[in-house]
Amino acid sequence: MAIRRLAWCLVFELLCPARSSRFAVSETVQLEPDVQVPARVAVVYSKYTAQHFWGGGAAGYKGYQQLYASVQIQLTTAGIRFDLIQFEDIHVFSKVVTYSAIIIPYASHLDLTTAKSIEDTLLACVHKHNIGIVIAGDFLTHDSNNHPRPGNPYSAMTKILGVKRVNGYGGE
């Protein structure tokens, strides 16, 4: 009983310090603010994927917008600074090399005229500059007209991320 009463008194003292006369603050310490600036990440928007998301149409476009917005909300809540960039901007290496991570909520469709330079830029970012990449779903598998890329549509996933699709078409 005495131990239970002692525990209750300690809890009361901690929860209600204004009512307590047993503890007093003898000295205050000014803490230095955290001056470390958090890293900046890029959140990538793909207009071609937005056009074909969930089969296209208004529902697919709205679904992609919600997915894109949810990433922004999560980053804001976590206190992570971010920039919004277009998928087509990725092929400019100087635009993406400054980020600590590249977040691509979903990018299954891309313009094939820029596909090679985008793949090369992402490959250099990930493997030479240790920039993290976060993706979801199929990655660079279709062209802007919703046709599968020639050859192995999943070759970009294998080359950039080092993953291979094992269920369905697996390529080589």
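Residues numbered from 1 in each chain as written. Predicted model: local features only at pLDDT ≥ 70, side-chain atom pairs only at ≥ 80, totals over all residues. Heavy atoms only, no water.

1. A look at the sheet that holds strand 5 (residues 132–135)
Taken in spatial order, the 4 strands make up an open sheet running 2-1-3-5, and their pairing is parallel. Every interior strand has two partners, whereas the edge strands, strand 2 (81–86) and strand 5, have only one. Across the sheet, the axes of successive neighbouring strands diverge by a mean angle of 20 degrees, strand direction being ignored. Here 3 bridges tie strand 1 (residues 40–45) to strand 3 (residues 101–104), and the two strands are oriented parallel to one another. Counted as the bridge partner of alanine 42 is isoleucine 102 from strand 3. Packed on one face of the sheet, helix 3 (residues 57–78) meets strand 1, strand 2 and strand 3 and runs near 175 degrees to strand 1. (Pairing = 2+ DSSP bridges. Helix = DSSP H or I, 4+ residues; strand = E, 2+ residues; numbered from the N terminus. Axes fitted to C-alpha atoms, helices over the stretch in contact; angles between N-to-C directions. Contact = heavy atoms within 4.5 Å.)

2. Some points on the confidence of the model for the chain
The predicted model of the chain has a mean per-residue pLDDT of 80, with 75% of residues at 70 or higher. In the predicted structure, residues 1–17 sits below a pLDDT of 50 and forms 5 contacts with residues beyond four places in sequence or in another chain. (pLDDT = per-residue confidence, 0-100.)

3. Considerations on the nonpolar core
Within the largest apolar cluster, 24 residues are counted, with the highest numbers of intra-cluster contacts made by Phe87, Ile90, Ile102, Ile104, Leu122 and Phe139. Listing elements by their share of this core, those giving two or more residues are strand 1, strand 3, strand 4 (107–110), helix 5 (112–127), strand 6 (139–143) and helix 6 (155–161). Ranked by the residues each element gives to this core, the list is headed by helix 5, at 5 residues. If we skip the residues at most four places from it in the chain, phenylalanine 87 touches Val44, Tyr45, Ser46, Ile104, Ala107, Leu110, Ile118 and Leu140. (Core = buried A, V, L, I, M, F, W, Y, C linked by side-chain atoms within 4.5 Å. Buried < 20%, exposed > 50% of the residue type's maximum accessible area, 1.4 Å probe, protein only.)

4. A closer look at helix 5
Here helix 5 contains 16 residues, and its C-alpha end-to-end distance of 23 Å stays within 8% of the 22 Å for a straight helix at 1.5 Å per residue. Within the span of helix 5, buried status applies to Thr114, Ala115, Ile118, Glu119, Thr121, Leu122, Ala124, Cys125 and Val126. Packed against the buried residues of helix 5 are helix 4 (93–96), strand 3, strand 4, strand 5, strand 6 and helix 6. (Expected span 1.5 Å × (residues − 1).)

5. Quick look at the pairing of strand 3
Side-chain alternation along strand 3 places Ala101 and Ile103 on one buried face and Ile102 and Ile104 on a second face that is also buried. Sheet analysis places strand 3 next to strand 5, joined by 4 bridges and oriented parallel. Looking at the pairing, isoleucine 102 lines up with isoleucine 133 of strand 5.

6. Things to note about the packing of aromatic side chains
In this structure the tally under the stated criterion is 5 aromatic pairs. Between tyrosine 45 and tyrosine 64, the aromatic rings sit 5.4 Å apart at their centres with planes inclined by 65 degrees, giving edge-to-face as the arrangement. Remark: tyrosine 64 occurs in helix 3 and tyrosine 45 occurs in strand 1; sequence separation between them is 19 residues. You'll find tyrosine 45 and tyrosine 64 in the same group, each marked buried. Between the aromatic rings of phenylalanine 53 and tyrosine 64, the centroid separation amounts to 5.5 Å while the plane-to-plane angle is 70 degrees, which identifies the pairing as edge-to-face. With a gap of 11 residues between them, phenylalanine 53 in the loop between helix 2 (47–52) and helix 3 and tyrosine 64 in helix 3 connect regions that are remote in the sequence. (Phe/Tyr/Trp six-rings, centres within 6.5 Å; stacked < 30°, edge-to-face > 60°.)

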